Amino acid sequence: MNFARQQWAAFGSTTLFVLLWSSGAIFSRLGLEHASPFMFLLLRFALALGVLLIVGSCRGRWLPQPGTRQRAGVAGLLMIGGYAACYLLALAHGVTPGVLATVLGVQPLLTLILLERRGFSGARVVGLLLAFAGLTLVVSQGWHAASLSRTGLFYALGALVSITAGSILQKRIHQAPLEVLPLQYGCSLVLCAAVLPFQPVRVEFTPQLWVALLWLSLVISIGAQLLLFRLIQRGSLVNVTSLFYLVPATTALLDFLILGNRMPMRAVAGLAAILVALVLVFRAPSLASKPANKGLSRRRMEDA
């Protein structure tokens, strides 16, 4: 009974994370109509940091444990600040969202290679490749307007390296997410402020901007990020990063349901392929972790 409850809780938190993360693109589109990209990002990080500091003050703890702060800061700088900055700069240099999603789709495969060097099951590889194929179907419409400059491709690869390295470092942090997030958003805010003078600055404080800012700062930057860190701590990093294959497809689905924009049939086919692929990825065992399965299971039960 407890196992079934844990399974449903894991499924619920995973589904909620994908839905929340996917909604970020829609609210970002709304916010960017009233502010320049890096100004919008600066405001988002500042608001999220302010709320996290208030929560940390109420809890009496808002910094990681001594001796772990450097690793937590670097992980946040890569996973939050570096990823967001490179993502925006890639878009600014002509890389379309479809091409960028395709580049970032390499992350689960890259994570698998880096973390499971001792071997991995064929089913996991097939699942990841099928998910990548499904992703290309979902985002292929965005390839036509692509302008692949060297600078744009450099920033796209920077986003891939940042999110991959940051996720691996975050996996090694065994502390409550609320204790590391304030420092991580502080580092990301400093990075964003350092880039801002070299970017266009525009902001219109309209109700639409505030709606977008509040959603992205509170729901995405705090709520969804806490869910992501929890998933990273408790599960296989390859499985967690594979969830990002669902984000473009779910965004297209939300775009259809909320904004009424039609979802192409190839996107529907891509979503189906991704769902089948994720079943393969999540059910296939990790060969590298087989010898330690018992100890790992016992540790997970103790954590729960």
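Here, every reference points to the structure presented above.
Note that this is a predicted model, so its numbers are computed, not measured.

K.L.:
Any details on the overall build of the protein? Residues and values, ideally.
P.N.:
Per the secondary structure count, the protein includes 13 helices and zero strands. The order of α-helices and β-strands along the protein, N terminus first, is α-α-α-α-α-α-α-α-α-α-α-α-α. Taken over 304 residues, the protein has a buried fraction of 47%. On the protein, roughly 15,300 Å² of surface is accessible, and the fraction owed to carbon and sulfur atoms is 68%.

K.L.:
If you had to explain the packing of helix H8 (residues 177-195) against helix H9 (residues 207-234) to someone new, which residues and values would you point to?
P.N.:
In the contact formed by H8 and H9, the axes pass within 11 Å of each other and the chain directions differ by 120°. As the angle between them shows, H8 and H9 are arranged oblique. In this structure, H8 meets H9 at a crossing whose hand is right-handed. Residue-level contacts link Pro 177, Leu 178, Val 180, Leu 181, Gln 184 and Tyr 185 of H8 to Ser 221, Gln 225, Leu 226, Phe 229 and Gln 233 of H9.

K.L.:
Any chance you could break down a nonpolar patch on the surface for me, citing the residues and the numbers?
P.N.:
On the surface, a cluster of nonpolar side chains totalling about 300 Å² of accessible area is made up of Val 126, Leu 130, Val 276 and Leu 280. For the nonpolar patch, the secondary-structure elements that each account for two or more residues are helix H6 (122-139) and helix H12 (265-283). Summarising the element assignment, Val 276 is placed in helix H12. Overall, the relative accessible area of 48% leaves Val 276 in the partly exposed class.

K.L.:
Kindly report on the side chain of Ser 221, identifying the contributing residues and their values.
P.N.:
Relative to the helices and strands, Ser 221 is located in helix H9. Given the relative accessible area of 0%, Ser 221 is considered buried.

K.L.:
Give me the nonpolar core: which residues, what numbers.
P.N.:
With 78 residues, the main nonpolar core has Phe 17, Trp 21, Phe 38, Phe 45, Tyr 185 and Leu 228 as its most contacted residues. Excluding its chain neighbours within four sequence positions, the residues that come into contact with Phe 38 are Ala 85, Leu 88, Leu 89, Cys 192, Val 195, Leu 196 and Gln 199.

K.L.:
A description of the environment of Pro 248 should follow, citing residues and the corresponding values.
P.N.:
By secondary structure assignment, the location of Pro 248 is in helix H11 (residues 246-259). Note: C-alpha distance between Pro 248 and Trp 21 (227 residues apart in sequence) is 9.7 Å. Non-local contacts of Pro 248, meaning those with residues more than four positions away in its chain, are made with Ala 101, Leu 135, Val 138 and Val 139.

K.L.:
Go over the pattern of salt bridges, please, and point to the residues and values.
P.N.:
All told, the structure shown has two salt bridges when counted by the stated rule. Salt-bridge contacts for Glu 179 lead to Arg 61; the nearest nitrogen and oxygen are separated by 3.2 Å. Placement of the pair is Glu 179 in helix H8 and Arg 61 in the loop between helix H2 (37-59) and helix H3 (69-92), with a sequence separation of 118 residues.

K.L.:
How would you summarise H12 if you had to cite specific residues and measurements?
P.N.:
A rise of 1.5 Å per residue sets the reference length of H12, with its 19 residues, at 27 Å; its end C-alpha atoms lie 28 Å apart and thus fit the reference within 8%. Here H12 has its buried residues at Ala 267, Gly 270, Leu 271, Ala 273, Ile 274, Ala 277, Leu 278 and Val 281. An end-on view of H12 places all buried positions within 165° of arc, on one side of the element. Pointing more than 90 degrees away from the buried face of H12 are the exposed residues Met 265 and Arg 283.

K.L.:
Before we move on, can you summarise the environment of Leu 135 with the specific residues and values?
P.N.:
Among the structural elements, Leu 135 can be located in helix H6. Judged by its relative accessible area of 1%, Leu 135 falls in the buried class. Residues Leu 135 and Pro 248, spaced 113 residues apart in sequence, show a C-alpha to C-alpha distance of 7.5 Å. Contacts of Leu 135, omitting those with residues within four sequence positions, involve Ala 101, Thr 102, Gly 105, Tyr 245, Pro 248 and Ile 274.

K.L.:
Residues and numbers for the packing of helix H7 (residues 150-171) against H9, please.
P.N.:
To describe two helices that pack against each other, one gives the angle between their axes and the distance between the axes. With their axes 9 Å apart at the nearest point, H7 and H9 run at an angle of 65° to one another. H7 and H9 meet at a crossing whose hand is right-handed. Every residue of H9 that contacts H7 at Ser 167, Gln 170 and Lys 171 is listed here: Phe 229, Ile 232, Gln 233 and Arg 234. Here the residues of the contact of H7 with H9 are counted per class, giving two nonpolar, three polar and two charged.

Reading the values: the criteria
Each chain carries its own residue numbering, running from 1 in the written order of its sequence. Note on the predicted model: pLDDT of at least 70 is required for a residue's local features to be given, and 80 or more for side-chain atom pairs to be given and counted; whole-chain, interface and lining totals, by contrast, use all residues. Hydrogens and water are ignored here; the side-chain numbers use all heavy atoms of the structure. Runs of H or I in DSSP of at least four residues are treated as helices and runs of E of at least two as strands, each being numbered from the N terminus. The buried label goes to any residue with under 20% of its type's maximum accessible area, the exposed label to any with over 50%, and the partly exposed label to all in between, with areas taken from a 1.4 Å probe on protein chains only. Each accessible area is a Shrake-Rupley result for a 1.4 Å probe, and residues are judged covered by the shown protein chains and nothing else. Angular values range over 0 to 180 degrees, each being the angle between N-to-C directions of two axes fitted as lines to C-alpha atoms, with helices fitted over their stretch in contact. Should an angle fall under 35 degrees it is taken as roughly parallel, and over 145 as roughly antiparallel, whereas 65 to 115 is taken as roughly perpendicular and any remaining angle as oblique. In a left-handed crossing the near helix is turned counterclockwise from the far helix by less than a right angle, and in a right-handed crossing that turn is clockwise. When checking whether two residues touch, look at their non-hydrogen atoms; a contact exists if any pair is within 4.5 Å. To count toward a patch, a residue needs a relative accessible area above 30% and no salt bridge. Like charges then connect within 9 Å, nonpolar side chains (Val, Leu, Ile, Met, Phe, Trp, Tyr) within 5 Å. Whenever a carboxyl oxygen of Asp or Glu lies within 4 Å of a side-chain nitrogen of Lys or Arg, that contact is scored as a salt bridge. Grouping buried Ala, Val, Leu, Ile, Met, Phe, Trp, Tyr and Cys residues that are joined through side-chain atoms within 4.5 Å yields what is termed a nonpolar core. One less than the residue count of a helix, multiplied by 1.5 Å, gives the span that helix is expected to have. Starting at the helix axis, one direction is taken to each C-beta atom, and the arc is that of these directions. When residue character is reported, Ala, Val, Leu, Ile, Met, Phe, Trp, Tyr, Cys and Pro are called nonpolar, Asp, Glu, Lys and Arg charged, and the others, Gly included, polar.

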